[in-house]
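Take a look at the letters that make up each chain.
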Amino acid sequence: MSVSFQPVVARYVKITTSDNGARFDEVEIFGPEGSDAKTSYVAAVAIADVNGNLSPEIAALLKLPDGQPRVIIKDSDTKEFIARMDFGNPNQTPKGVTGLLDITGNGAPEVAVLLTRSDGVSVVQMRDSKTGEWIDGMRFFCPYWETRAITSQDLDLDGVSEISVLATNAEGKVTTKIKDSISKETVNWIWFPNSTK
């Protein structure tokens, strides 16, 4: 089964699943009309099943009216609310969200959020998708780099997700730094063609 998503309007995430056919659905992320009218949608990602019904979940990253970054997780099949968790603080800018393989041992995936602090340093914070429990955080780039995207995958097949963050700078350089989600060690850098050429 493959799952893709795209924002439809600020209140919904459109989910497309395919498994010998297609299902198109909209999962309401923000609650009843008008309840979070000033909340801005930042990003969303499909993560592994949290509630045990064998259906992936959708983790949506929001920025609340007071600036607080928040992730809301809903089931992609039943649309059931699963979890809500805050990341960082209102002075940090949320840039992206990704799912990680289970770190805590409770069988649920973890959620990682890319944030830019008020001093320009980019960090990734991780929480358990089932309990919301704080796991860890790590720095990725200094203020010289502007982060653009976050993703994760078990690149070396050791059962631990690696986190990749894409960043650019004023000179047009483009790079992805890859770190191990547990050891926080830098595993690799991948440079991309200069964006100004």
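Above this text sits the structure in question.
Residues numbered from 1 in each chain as written. Predicted model: local features only at pLDDT ≥ 70, side-chain atom pairs only at ≥ 80, totals over all residues. Heavy atoms only, no water.

Quick word on the sheet that holds strand E10 (residues 122–128)
Here comes step 1: Taking strand neighbours across the sheet as the criterion, the 4 strands line up as E8-E9-E10-E11 in an open arrangement whose pairing is antiparallel. Of all strands in the sheet, those bounded by a partner on one side alone are strand E8 (93–100) and strand E11 (134–141). The mean angle between the axes of side-by-side strands here comes to 20°, regardless of whether they run parallel or antiparallel.
Here comes step 2: The pairing of strand E9 (residues 110–116) with E10 spans 7 bridges and is antiparallel. Across the sheet, valine 111 pairs through a bridge with arginine 127, a residue of E10. (Pairing = 2+ DSSP bridges. Helix = DSSP H or I, 4+ residues; strand = E, 2+ residues; numbered from the N terminus. Axes fitted to C-alpha atoms, helices over the stretch in contact; angles between N-to-C directions.)

Digging into the sheet that holds strand E4 (residues 40–47)
Here comes step 1: As summarised here, the arrangement of the 4 strands in space is E4-E5-E6-E7, forming an open sheet in which the pairing is antiparallel. This sheet does not close on itself; its edge strands, each paired only once, are E4 and strand E7 (81–86). Each strand of the sheet is rotated relative to its neighbour by a mean of 20°, with strand direction disregarded.

Focus: the nonpolar core
Here comes step 1: Counting 18 residues, the largest nonpolar core has Ile47, Val71, Ile73, Phe87, Val97, Val111 and Val113 as its most contacted members.
Here comes step 2: Within the residue set of this core, elements represented by two or more residues are E4, strand E5 (57–63), strand E6 (69–75), E7 and E9.
Here comes step 3: Setting aside residues no more than four positions away along its own chain, isoleucine 47 makes contact with Pro56, Glu57, Ala59, Ile73, Gly99, Pro109, Val111 and Ser129. (Core = buried A, V, L, I, M, F, W, Y, C linked by side-chain atoms within 4.5 Å. Buried < 20%, exposed > 50% of the residue type's maximum accessible area, 1.4 Å probe, protein only. Contact = heavy atoms within 4.5 Å.)

Some details on the pattern of salt bridges
Here comes step 1: In total, this model carries 6 salt bridges according to the counting rule given.
Here comes step 2: Put simply, aspartate 119 and arginine 117 hold a salt bridge, and the shortest N to O gap is 2.7 Å.
Here comes step 3: Given the relative accessible area of 42%, aspartate 119 is considered partly exposed.
Here comes step 4: Glutamate 171 serves as the salt-bridge partner of lysine 173, at 3.6 Å between the closest nitrogen and oxygen.
Here comes step 5: Exposure remark for lysine 173: the relative accessible area of 38% places this residue in the partly exposed category.
Here comes step 6: Members of the salt-bridge network, linked through shared partners, are Lys95, Glu146 and Arg148. (Salt bridge = Lys/Arg side-chain N within 4 Å of Asp/Glu carboxyl O.)

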